[in-house]
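A closer look at the structure
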Amino acid sequence: LTADVATVGLRLVSAQPWLSAQIGVPSAMKILVADDSQTTRKIMVQMLAELGMHSVEEATDGQQALDRLQSADGFDLLLTDWNMPNLSGLDLALAVRADERLMALPILMVTTRSMQKDILAAMKAGVNGYITKPFDAPTLQTKIARVTSR
């Protein structure tokens, strides 16, 4: 298994919303962002808005994310941290893949964990893409396009 990993400086680089459509990222996509850090969630929501994606919900841990995914209709993408209380991002990915209604949901892991063994574990758990923190909006945009075009 190989993983496409991006490690770049965290900058709110101006990604072009019109570019989202050009590289296959629909702006009407419904996204769930799961991270226990309020600051990280705010940054990701801001980056997504900058990319023209405004239908975004937040979860403060993996269990809350799983509950929202199972009770809500039609999320198109899950962005999740690995290290969270109650249910880790890795365990969240495994639970999503085990749920028949959610198993096709694209998952993008956004984490500080950059060891090869962690990336392989995430891929084995069913994660579709992996970004290491810190990152920028164009990187997020490219990764979203990759995981949602499969």
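Everything that follows concerns the structure shown earlier in this document.
Read on for a plain summary of the structure. Sequence positions are assigned chain by chain, starting from 1 and proceeding in written order. Only residues with pLDDT of at least 70 are given local features in this predicted model, and only at 80 or more are side-chain atom pairs given and counted; all residues enter the totals for whole chains, interfaces and linings. Excluding hydrogens and water, the side-chain figures rest on all heavy atoms present in the structure.

Attention now goes to the packing of helix α2 (residues 38-50) against helix α6 (residues 137-148). Every axis corresponds to a line fitted to the C-alpha atoms, with the helix fit spanning only the stretch in contact, and the corresponding angles, defined between N-to-C directions, vary from 0 to 180 degrees. Put simply, DSSP marks the helices as runs of H or I at least four residues long and the strands as runs of E at least two long, and each gets a number from the N terminus on. Contact geometry of α2 with α6 gives a least axis separation of 10 Å together with a crossing angle of 75 degrees. It follows from the interaxial angle that α2 and α6 lie roughly perpendicular. Residue-level inspection shows M47, L48 and E50 of α2 in contact with α6, the latter providing A137, L140 and I144. Grouping the constituent residues of the contact of α2 with α6 by class yields five nonpolar, no polar and one charged. To sort the angles, those under 35 degrees are grouped as roughly parallel, those over 145 as roughly antiparallel, those from 65 to 115 as roughly perpendicular, and the leftovers as oblique. Only heavy atoms matter for contacts: two residues are in contact if any of them lie within 4.5 Å across the pair. Here the nonpolar group is Ala, Val, Leu, Ile, Met, Phe, Trp, Tyr, Cys and Pro; Asp, Glu, Lys and Arg are the charged ones; every other residue, Gly included, is treated as polar.

The next thing to look at is the packing of aromatic side chains. Only Phe, Tyr and Trp rings take part, Trp by its six-membered ring, and two of them pair if their centres are within 6.5 Å. Stacked means planes under 30 degrees apart, edge-to-face means over 60, and tilted covers everything else. By the definition in use, this model includes zero aromatic pairs. We count a charge as sitting over a ring when the NZ of a lysine or the CZ of an arginine lies within 6 Å of the ring centre and within 35 degrees of the ring normal. When the ring centre of F75 is taken as origin, the NZ or CZ atom of K30, which lies over that ring, is 4.6 Å away.

This paragraph deals with unusual backbone geometry. With an omega of 0 degrees, the peptide bond running from K133 to P134 counts as cis. A positive phi angle, near 70 degrees, is found at N86, a position not held by glycine. Relative to the helices and strands, N86 is located in the loop between β4 (77-80) and α4 (89-98).

Looking along a regular strand, one sees side chains alternate from face to face of the sheet. Burial here depends on accessible area, computed with a 1.4 Å probe over protein chains only, as a share of the maximum for the residue type. Under 20% is buried, over 50% is exposed, and the range in between is partly exposed. Buried residues dominate strand β5 (residues 107-111), accounting for five of its five residues. The side-chain alternation of β5 yields two buried faces, one formed by I107, M109 and T111 and the other by L108 and V110. Bridge count between β5 and strand β6 (residues 129-132): four bridges; the pairing is parallel. By the bridge assignment for β6, V110 is matched with I131. Viewed with both strands pointing away, a crossover whose connecting path from the first strand over the helix to the second turns clockwise is right-handed. Following the backbone out of β5, through helix α5 (residues 116-124) and into the adjacent parallel β6, one traces a crossover that is right-handed. At least two DSSP bridges between two strands are needed for those strands to be called paired.

Take the pattern of salt bridges next. Side chains that carry opposite charge are capable of pairing whenever their charged atoms lie near each other. For this document, the term salt bridge refers to a Lys or Arg side-chain nitrogen within 4 Å of an Asp or Glu carboxyl oxygen. Per the stated rule, a full pass over the model turns up five salt bridges. For the salt bridge of D81 with K133, the shortest nitrogen-to-oxygen distance reads 3.5 Å. Of the two residues, D81 is situated in the loop between β4 and α4 and K133 in the loop between β6 and α6; the sequence distance between them amounts to 52 residues. Each member of the pair, D81 as well as K133, is classed as buried. Overlapping salt bridges, with partners in common, bring together D35, D81 and K133 in one network.

Owing to its 3.6 residues per turn, the α-helix aligns residues three or four sequence positions apart on the same side. Taken residue by residue, α4 has G89, L90, L92, A93, V96 and R97 as its buried positions. Projected onto a plane normal to the axis of α4, the buried residues spread over an arc of 160 degrees and lie on a single side. Looking at the buried positions of α4, the neighbouring elements they touch are β2 (31-34), α3 (62-71), β4, β5 and α5. The reported arc concerns the directions from the helix axis to the C-beta atoms and nothing else.

Once that is clear, we can look at the environment of N86. A relative accessible area of 64% places N86 in the exposed class. For the pair N86 and T60, spaced 26 residues apart in the sequence, the C-alpha separation amounts to 9.8 Å. Here a polar contact is taken to be a pair of N or O atoms separated by no more than 3.5 Å, where protein atoms must pair a possible hydrogen donor with a possible acceptor and residues adjacent in sequence count only if both atoms sit in side chains. Within the structure, N86 has its side chain in polar contact with the side chain of D61 (distance 2.7 Å).

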